[in-house]
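Now for the letters of each chain:
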Amino acid sequence: MTRLVDIRPGEGRRLAPLTAAYGLVLASVYVLKPARNALFLDQLGIEHLPYVLILVGLVGGVTASFYSRFTHQIQIRRLLSGTLLFLIGNLAIFWFLFPLAQAWIYYLFYVWVNLYGLMAVSLLWLLANAAFNPREARRLFGLIGAGGIAGAILGGVFTGWAAEAVGTENLLLVCAGLLGGCLILVRLVPLLEEGETRQVEGERAFAAVSGSRLLQSMGGMVALTAVVAAIADVQFNQIASEMFETKDAKTAFFGSFFAYLNGFAFLFQLLITPRILQSLGVGTALMVLPFSMGAGAICVLLIPGLLGGIGVKVGDVGFRHSVHKSATEILFLPIPPDLKKRAKVFLDTTVDNLATGVGAILVLVMTGFLGLPYRYLSFLSLGFILVWGWVLVRVRRAYVDTFREGLEKREIDPSEFRVHMSDGAILETLLGALGSQNERQVVYALELLSTVAGRRLAEYVEPLLDHSSAEVRRKAILALQQDRQDHLQEKMERLLVDPDPEVGLEAMFFLCLEGGDSSLRRLQEALTQDDPRIQASALGCIAVHGSPEQKALVDESVIDSVLERSGEIGIRARLQAVRTLGVLERPDLHRFLPYFMEDVAPEVVREAIRSAGKIGDFAHIPWLIDQLENYHLRQEAREALAAFGPGVLEVLGEILGRETTARRVRRNIVRVIGLISSQESVDFLMDRLDRVPTDLSFLLIKALSKLRVSDSNLYFDRARVEAALIYDVESFYEIFQIRWILEQEDEYNPGFGLLKRALDEHQAQSRERLFRLLGFLYPPRDMYHAYLGITSQEKMTRANALEFLENVLDREQRAYLFPVLDVDTPEATLRAGQEQFHLQIHTLEKALLYLIRGNDVWLRACALNCVVDMVSSELAQEVMALREDAELLVSETAQMVALRLQGKGA
């Protein structure tokens, strides 16, 4: 099942309701489209169709831009639910209006159905983007699309059967029911992050398109496609209107026709499109649509009646949303991601709609003013198709040029890249980059070439096996795996002893790709080699690529022989041996791990840390905790401890609670917990939020923020978060009042300057803490952008951020948070703190005592440093008592201040 459909644990509960909802929406679209066409043609006639298409172009282009600006402020699930309810209400209104039989109703309904498809479909895809990360999307969006096509087919089939049975107007009630089901389903889709939708400004999108030769050419292609499609649509509807007399018969025909055509498009996309793209390339794939639409235009000229009408529409519906859409998506490949998003929205909505309007105007001129029969519109279509072909040549050239620029700037995502050997221009660009003097560009080109389908790569990549860069040599081996040739065996044998161990292990993997007993024999021989480099390459190959049979080749004798190795090449063998231990489920071999933990080579110890995390033996935890104090190894130690999962939290909690645990270790333990994405981690950190010093509690909040972003399904108790918010706000007000008192003092005390800077840093950190806490209650991305706005140097940006929070936070939160967040009104902030929390810090002495008795180590030390010139008996007693403080910085500062006081006779 997972090979045919790669659905991983936790994805099904997001995928199933979303796919079903998309199917229901497209089913409703293909119920409404036949009803729209039939009602309009039956009531107003074909001569009105160009007028309504002009209206569609104007209203669609403007509405798309407005809707994009409007939606960026609203959370996607709320926006989608509201839109669906709005559309259901519209359907009911139209159902009541149709008996009036007024012309404006059918004009309005025709335009509305177009907007209906735009809003409902685009919002569902926005929901899909909020429910899946990019890697999941690449695997699963095809399934959602397939569900949509299935819905479109079923919607058409149902319409063909039900139109004459229940009446065309009553199909609107069916659509309302489908949307009601969709409304329920979208509420069941858990989102990764319930953030805002993205805004795509029309001006920025236009600038994006006009600034790229490729996007300009694509804009011309999209416009010509829409113009020819508009002409074909009028011809098709004119023929259907003549062939079917009643509106219900028209509706039934349109429904059945769209159902069969969507079925054809689905099969073509599934079976033929991949073959065209792989064997003929994107240029040929783009030619399919104009060729088919040209053939359809000729059909109308030569074949009278319904058959000609069907021929003209097959090209549009059958290929426009299958092979042409896939090829167009490939054209966006060399476009940077941010630019791609803006351009796609602009081309798919504004350009497409406006060009549809232009096509309708041309139809109106030719048939209305010049009196040309509808069938002769095919000559106009054929003329535009010739221009379309010329534009596609420009598109192809611009694509290659933009691809070349993207390669130089490394803006192409290798995970999305696919090219075939027949795509000569792109391949030539890639192969040319292999001769670059820029090592990173060569590596980048090799990454892209490693995805190439076809052969004949060896002659271009083989010379790079002797490249001075180890990374280039390694990537060359990976690229050559697509084109294994016998004469490469000797070179790979030589690379087994390459100075870089990663090159050696990939060379060994290349030699073992034939599989079977021959690869086992090769590895067995390499593991018993006297040369540690070959032994290391075999062990590394097993560690990274090994099958269960290959892993079974490693035994005690192999590990013993590695431990006896010395010198630089011995380090290489030990490094790969301990790496292999981490992937072996062999407790009898895990006993060797402590030998590697005590190795003299830091790189071996580092790998031993990683393997300890993979093995998961709790006996190794004390040693891993010790490594948290090592600056060079603490990152690996944190990741290894996190690999133990939630089961390690109890042990970490016990160590964190010890007074003897070093501060550096405690801080790193908190970071470890932030890497363990689980509800237990959230509860662990929340339980300790108010029981640790300020600096450590800030790390706890940062760790909680990381957990919140990693999994939006984790639960954060709202009451506890709001209690932490209020506590932090009160603390902020206290520090703010102390800072205000210091500002009124003369600069006679040299310690005041340092203390003011420390207080300013503390206030800045407090604001960050508040926004991180708000991120537990609201979308983290929203709160992050609001934080950036509040801390901006631009007054207008700060005001906009406050306005945003005004509309997001509840009334109580606004009451205690806004005085803290509004940095432009310090007097109001001071007054609000005194009114809400009745602060009692009114003198400099009380301010210093408050800081000295606090739990922020740096503020305590800075406050102690200010005591020298203003001493009361209470302050002097505090200084003397703190000479024995557990915090080294505080105790040393207190001792220094005590000596000064004694020198002054205090």
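Okay, so let's go over this structure. Because the structure is predicted, anything quoted here is derived from the model rather than measured.

Going through the model one piece at a time under the given rule, you end up with 25 salt bridges. The shortest N-O distance in the salt bridge between aspartate 466 and lysine 491 comes to 3.8 Å. One end of the pair, aspartate 466, is in the loop between α17 (458-461) and α18 (470-480); the other, lysine 491, is in helix α19 (residues 488-495), and 25 residues separate them in sequence. A salt bridge links arginine 772 to glutamate 768, with the nearest nitrogen and oxygen atoms 3.0 Å apart. Residue arginine 772 and its partner glutamate 768 are both found in helix α36 (residues 750-774); the two are separated by four residues, about one turn of the helix. The exposure class of arginine 772 is partly exposed, given its relative accessible area of 25%.

A grouping of Leu267, Leu270, Leu271 and Ile272 is seen on the molecular surface, where their side chains present a nonpolar patch of about 360 Å² in accessible area. Positionally, isoleucine 272 belongs in helix α9 (residues 247-279).

Counting 131 residues, the largest nonpolar core has Leu446, Met492, Phe596, Ile625, Ile669, Leu685 and Leu805 as its most contacted members. The residues touching leucine 805, leaving out its near neighbours within four places in the chain, are Phe771, Met783, Ala786, Ile790, Arg814, Phe818 and Leu821. If you look at the next biggest cluster of nonpolar residues, it comprises 121 residues, including Val25, Leu44, Ala120 and Leu392.

Of all the 11 residues making up helix α16 (residues 439-449), eight are buried; the element is thus mostly covered by neighbouring parts of the structure. All of the buried residues along α16 are Gln441, Val442, Val443, Tyr444, Ala445, Leu446, Leu448 and Leu449.

Assignment of secondary structure puts serine 217 in helix α8 (residues 213-243). Under the relative-accessibility criterion, serine 217 is labelled buried at 6%. The residues contacting serine 217, other than those within four sequence positions of it, are Val391, Arg394, Val395 and Ala398.

What counts, and where the lines are drawn
- Residues numbered from 1 in each chain as written.
- Predicted model: local features only at pLDDT ≥ 70, side-chain atom pairs only at ≥ 80, totals over all residues.
- Heavy atoms only, no water.
- Salt bridge = Lys/Arg side-chain N within 4 Å of Asp/Glu carboxyl O.
- Helix = DSSP H or I, 4+ residues; strand = E, 2+ residues; numbered from the N terminus.
- Buried < 20%, exposed > 50% of the residue type's maximum accessible area, 1.4 Å probe, protein only.
- Patch = residues over 30% accessible without salt bridge, like charges linked within 9 Å, V, L, I, M, F, W, Y side chains within 5 Å.
- Areas by Shrake-Rupley, 256 points an atom, 1.4 Å probe, with all protein chains shown as cover.
- Core = buried A, V, L, I, M, F, W, Y, C linked by side-chain atoms within 4.5 Å.
- Contact = heavy atoms within 4.5 Å.

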